[in-house]
Amino acid sequence: MTPGSLPPWPTGPVAHGPVMLREFSARDVPMAQELSTDPYVPSVAILPANASREQASDWVDRQRGRWAEGAGFSFAIVEASTDRAVGGIGLWLTALAHGRATAGYSVVPGARGRRFASAALIALTSFGWTIPALHRIELYIEPWNTGSIGTAERAGYQREGLLRSHQEIGGRRRDMLLYASVRDAVC
């Protein structure tokens, strides 16, 4: 997609429960550094393992550019009460012409288990439904990732099936579970 074909950046708050979603900023670099300590995150994101401050800053800058380059929306997940970043979430709109988007999320190890990811996914999905052309949001989750499966299910996503050898991660083809949320049809 081109930047001109993307919906505008949200003007109001995108929030649910304990989290808000906002544009990434330089103050999120420590969060990116902590996120890079999770061994899985560098295998699925362009964030080096144990990122230096400079590498984390570059990653934050790339997140800030996702909308301008036409990929979609990349948000920092922040605690609503403190504005402290605890992760990132994105709504990727490369298939918007077909009514579809994908979403992805990650939360720093020190903030897991507090349901920030599911609250962020609910907020992101609600925001997604403000885009008239969007009718379906998909998640691709490795079958072993029970935390992400729980996040998807708490946010109301439905499991639709197993996609065998769907995606390369860390140099290996991986099976992925397909979860989706579909806009309620109005007849």
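Check the entry above for the structure.
In this text, all values refer to a predicted model and were calculated from it rather than measured experimentally.

1. Focus: helix 5 (residues 146-154)
For step 1, the next point in the chain: Turning to helix 5, its buried residues are Ser148, Ile149, Gly150, Thr151 and Ala152.
For step 2, the next point in the chain: Along its buried surface, helix 5 packs onto strand 5 (100-107), helix 4 (116-128), strand 6 (136-141) and strand 8 (172-182).
For step 3, the next point in the chain: One or two positions beyond helix 5, positive phi appears at Gly156, with a value near 90 degrees.

2. Quick look at helix 3 (residues 53-65)
For step 1, the next point in the chain: Taking 1.5 Å per residue as the helical rise, helix 3 with its 13 residues ought to reach 18 Å, and the 19 Å between its terminal C-alpha atoms agrees with that figure.
For step 2, the next point in the chain: All buried positions along helix 3 are accounted for by Ala56, Trp59, Val60 and Gln63. Across the axial projection of helix 3, the buried residues extend over an arc of 100 degrees, all falling on one side.

3. A few points about the environment of Ile169
For step 1, the next point in the chain: Its location among the elements puts Ile169 in strand 7 (residues 158-169).
For step 2, the next point in the chain: Along the sequence, Ile169 and Glu142 sit 27 residues apart, while their C-alpha atoms lie 10.0 Å from each other.
For step 3, the next point in the chain: In this structure Ile169 touches Tyr40, Ser43, Val44, Glu142, Arg174 and Met176, once residues within four positions along its chain are discounted.

4. Some points on the nonpolar core
For step 1, the next point in the chain: Of all hydrophobic cores here, the largest spans 51 residues; its most connected members are Leu21, Ile89, Leu91, Leu121 and Leu139.
For step 2, the next point in the chain: The dominant element in this core, judged by the number of residues it contributes, is helix 4, at 8 residues.
For step 3, the next point in the chain: With residues near it in sequence (within four places) discarded, Leu21 still touches Val14, Phe75, Ala76, Ile77, Ile89, Ala120, Ala123 and Leu124.

5. As for the pattern of salt bridges
For step 1, the next point in the chain: Inspection of the entire model under this criterion finds 11 salt bridges.
For step 2, the next point in the chain: When the shortest N-O distance is used, the salt bridge between Arg64 and Glu23 registers 3.8 Å. With Arg64 in helix 3 and Glu23 in strand 2 (residues 19-23), the pair connects residues that are 41 residues apart, well separated along the chain.
For step 3, the next point in the chain: Overall, Arg64 belongs to the partly exposed group, its relative accessible area being 40%.
For step 4, the next point in the chain: Note on Glu23: relative accessible area 35%, which makes it partly exposed.
For step 5, the next point in the chain: We note a salt bridge from Arg66 to Glu69, for which the minimum N-O separation is 3.1 Å.
For step 6, the next point in the chain: Taken together, the shared-partner salt bridges in this structure form one network comprising Arg22, Arg27, Asp28 and Asp83.

6. Comments concerning the environment of Gly113
For step 1, the next point in the chain: Counting through the fold element by element, Gly113 comes out in the loop between strand 5 and helix 4.
For step 2, the next point in the chain: According to the relative accessible area criterion, Gly113 is exposed, its value standing at 77%.
For step 3, the next point in the chain: Through-space distance from the C-alpha of Gly113 to that of Gly147 is 8.6 Å; in sequence the pair is 34 residues apart.

7. Points about the packing of aromatic side chains
For step 1, the next point in the chain: The full count for this structure, using the stated rule, is 7 aromatic pairs.
For step 2, the next point in the chain: Look at Trp9 and Phe73: their rings are 5.4 Å apart centre to centre, the planes differ by 45 degrees, and that puts the pair in the tilted class. Here the residue Trp9 occupies a position in the segment before strand 1 (14-16), and Phe73 occupies one in strand 3 (residues 72-79), the gap between them amounting to 64 residues.
For step 3, the next point in the chain: Of the residues examined, Trp9 reaches a relative accessible area of 26% and is grouped as partly exposed.
For step 4, the next point in the chain: Here the aromatic rings of Phe75 and Phe127 are separated by 5.8 Å at their centres, their planes lie at 85 degrees, and the arrangement is edge-to-face. Linking Phe75 in strand 3 with Phe127 in helix 4, this pair joins segments that are 52 residues apart in sequence.
For step 5, the next point in the chain: Accessibility expressed as a relative area gives 1% for Phe75, which makes it buried.

Quick notes on the rules
Residues numbered from 1 in each chain as written. Predicted model: local features only at pLDDT ≥ 70, side-chain atom pairs only at ≥ 80, totals over all residues. Heavy atoms only, no water. Buried < 20%, exposed > 50% of the residue type's maximum accessible area, 1.4 Å probe, protein only. Helix = DSSP H or I, 4+ residues; strand = E, 2+ residues; numbered from the N terminus. Contact = heavy atoms within 4.5 Å. Expected span 1.5 Å × (residues − 1). Arc of directions from axis to C-beta. Core = buried A, V, L, I, M, F, W, Y, C linked by side-chain atoms within 4.5 Å. Salt bridge = Lys/Arg side-chain N within 4 Å of Asp/Glu carboxyl O. Phe/Tyr/Trp six-rings, centres within 6.5 Å; stacked < 30°, edge-to-face > 60°.

Such coordinate-based values are descriptive only and should not be taken to indicate function.
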